Amino acid sequence: QVRLSQSGGGLVQAGGSLRLSCAASGRTFSPHSMGWFRQAPGKGREFVAAVNWAGGSTYYADSVKGRFTASRDYTENTVDLQMSSLKPEDTAVYYCAARMSYSSDYGVWGQGTQVTVSS
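Reading guide: rules and limits
Residues numbered from 1 in each chain as written. Predicted model: local features only at pLDDT ≥ 70, side-chain atom pairs only at ≥ 80, totals over all residues. Heavy atoms only, no water. Pairing = 2+ DSSP bridges. Helix = DSSP H or I, 4+ residues; strand = E, 2+ residues; numbered from the N terminus. Buried < 20%, exposed > 50% of the residue type's maximum accessible area, 1.4 Å probe, protein only. Contact = heavy atoms within 4.5 Å. Axes fitted to C-alpha atoms, helices over the stretch in contact; angles between N-to-C directions. Salt bridge = Lys/Arg side-chain N within 4 Å of Asp/Glu carboxyl O. Disulfide = S-S within 2.5 Å.

A.B. asks: Could you give an account of the pairing of strand β9 (residues 92-99), with specific residues and numbers?
C.D. replies: Across seven bridges, the pairing between strand β4 (residues 33-39) and β9 is antiparallel. By the bridge assignment, Met34 is partnered in β9 with Ala98. Both β9 and strand β11 (residues 113-118) contribute to a ladder of three bridges, which runs antiparallel. Pairing of Val93 across the sheet is with Gln114, part of β11. Between β9 and strand β10 (residues 106-109), which pair antiparallel in sequence order, lie six residues.

A.B. asks: Lay out the environment of Thr58 with the relevant residues and their values.
C.D. replies: Looking at the secondary structure, you find Thr58 in strand β6 (residues 58-60). Classification of Thr58 by relative accessible area gives partly exposed; the value is 32%. Distance in space between the C-alpha atoms of Thr58 and Ser71 is 7.7 Å, their sequence separation being 13 residues. Beyond its immediate chain neighbours, meaning those up to four positions away, Thr58 contacts Ala50, Val51 and Ala70.

A.B. asks: Please give an account of the sheet that holds strand β1 (residues 3-8) that cites residues and values.
C.D. replies: Taken in spatial order, the four strands line up as β1-β3-β8-β7 in an open sheet, and their pairing is antiparallel. Because the sheet does not close on itself, it has two edges, and the strands there are β1 and β7 (68-73). For this sheet, the mean inter-axis angle between neighbouring strands, taken without regard to orientation, is 15°. Where β1 lies against strand β3 (residues 18-25), six bridges are found, and the strand directions are antiparallel. The partner of Ser5 across the bridge, within β3, is Ala23.

A.B. asks: Describe the pattern of salt bridges, with residues and values.
C.D. replies: By the definition in use, this model includes five salt bridges. For Lys65, the salt bridge goes to Asp62, with nearest N and O atoms at 3.1 Å. A network of salt bridges, in which partner residues are shared, links Arg38, Glu46, Arg67 and Asp90.

A.B. asks: Explain the state of the cysteines to me, using residue names and the numbers behind them.
C.D. replies: Applying the stated criterion across every chain yields a total of one disulfide. Two residues share a disulfide in this structure: Cys22 and Cys96, whose sulfurs sit 2.0 Å from each other. Across the S-S bond of Cys22 and Cys96 the torsion is about 60°, and the bridge reads as right-handed. A residue pair is termed long-range when its members are at least 10 positions apart, and Cys22 in strand β3 and Cys96 in strand β9 qualify at 74 residues. Look at Cys22 and you get buried, because its relative accessible area is 1%. Look at Cys96 and you get buried, because its relative accessible area is 0%.

Such coordinate-based values are descriptive only and should not be taken to indicate function.
See the structure below:
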């Protein structure tokens, strides 16, 4: 069974940077892609970024494009989200998730980590 364990996050001032990490453990890990999502208080979960596991292609929500960078290390089974130029509206709980095949949805989730950006 695949498990995702997140680290990073915390409190930062607007304009600052944070890095989130997500490590996969369990059986042989070879997902189709890994995603980052976030949920702000009182709001639904929203897509932030994704990285294709095999090729490393990345995709971003318009709200974070140019500020966030997703990357994966398939030798370590980790995926990171480097967040720069953070804004108060980036405040949310961030989740990593694995999409195990092209035809499946994101079905394995990390525990979530809080990111708070103060103005």
